[in-house]
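# Remarks on the overall topology
Here's the letter readout for the chains.
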Amino acid sequence: MAIINKKLAFEDIEPGNQYTDCTFTTSMQAVRVSDVTFHQCQFEQDNFGGSEWLDCRFVNVSFANKRFEGSTFYRDQFESCQLIGTEFQENNWKDCVISGSQVDYANFSSSKINRCRFDDASFKEVYFRYLKLVGGLKTSGCNFEGASFVGTKLKGVDLSQSEFGYLEVNPDDLKGLIINQFQAASLIGLLGVKIK
């Protein structure tokens, strides 16, 4: 694996390489990247709509407020990344991991998430609306305070090892959600139950 450190065009990215402290200029073509590690890289492009990212690893990369609508992420890892306010609407996510990252205010609405895992990351006020979840969603050490799961069937989602005080959800979508005893108190009011 070659380790590359310079300013590059997207078209210069080659599978199998690690790019460290690189700056990537805006691509005029559809973005298709596979089998690459990006470490502390900068991306001048703001809109990655319709892009494909396969077997990629992102370490300490900022995609804050960038747009990825209609994109595909397969077997990707995001480690210590800035994804604040990022638009991931109508994406396909499969076997991906987001860990140690700031994902607050991002939007994953109308995406398909298949066997993904979120570890030690912040998802405050993130939109997970109308998701199609396949194979469950595992979380550990995450903060989902104020996240919106409206219209998402939560069967197979495990939030028991994460934290939240308030979630925006429809009561009908809670069936099969895995939570701990302390989280139950914050959701029981949605079912019309009053605690004395």
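Use the structure listed above.
Here is a short report on the structure shown in this document. Treat the numbers as computed from the prediction; the structure is a model and nothing was measured. (Residues numbered from 1 in each chain as written. Predicted model: local features only at pLDDT ≥ 70, side-chain atom pairs only at ≥ 80, totals over all residues. Heavy atoms only, no water.)

Glancing now at unusual backbone geometry. For Asn65, which is not a glycine, the phi torsion comes out positive at approximately 60 degrees. Mapped onto the secondary structure, Asn65 falls in the loop between strand E9 (57-59) and strand E10 (72-74). A positive phi is found at Ser80, a non-glycine position, where the angle reads about 55 degrees. Structurally, Ser80 is set in the loop between strand E11 (77-79) and strand E12 (92-94). (Helix = DSSP H or I, 4+ residues; strand = E, 2+ residues; numbered from the N terminus.)

Formed by 54 residues in total, the largest nonpolar core has its most connected members in Phe38, Trp53 and Phe144. The set of elements that each furnish at least two residues to this core consists of strand E14 (112-119) and strand E15 (132-140). Per element, the largest residue contribution to this core is three residues, and it comes from E14. Excluding anything up to four places from it in sequence, Phe144 contacts Phe118, Phe123, Phe128, Thr139, Phe149, Leu159, Ser162, Glu163, Phe164, Tyr166 and Leu167. (Core = buried A, V, L, I, M, F, W, Y, C linked by side-chain atoms within 4.5 Å. Buried < 20%, exposed > 50% of the residue type's maximum accessible area, 1.4 Å probe, protein only. Contact = heavy atoms within 4.5 Å.)

Okay, the pairing of E14 next. Note that E12 and E14 share three bridges and pair parallel. Bridge pairing in E14 places Lys94 opposite Asn114. Two elements, strand E13 (residues 97-99) and E14, share three bridges in a ladder whose sense is parallel. Paired with Val97 across the bridge in E14 is Arg117. (Pairing = 2+ DSSP bridges.)

The quantities given are spatial measurements derived from coordinates; they are silent on function.
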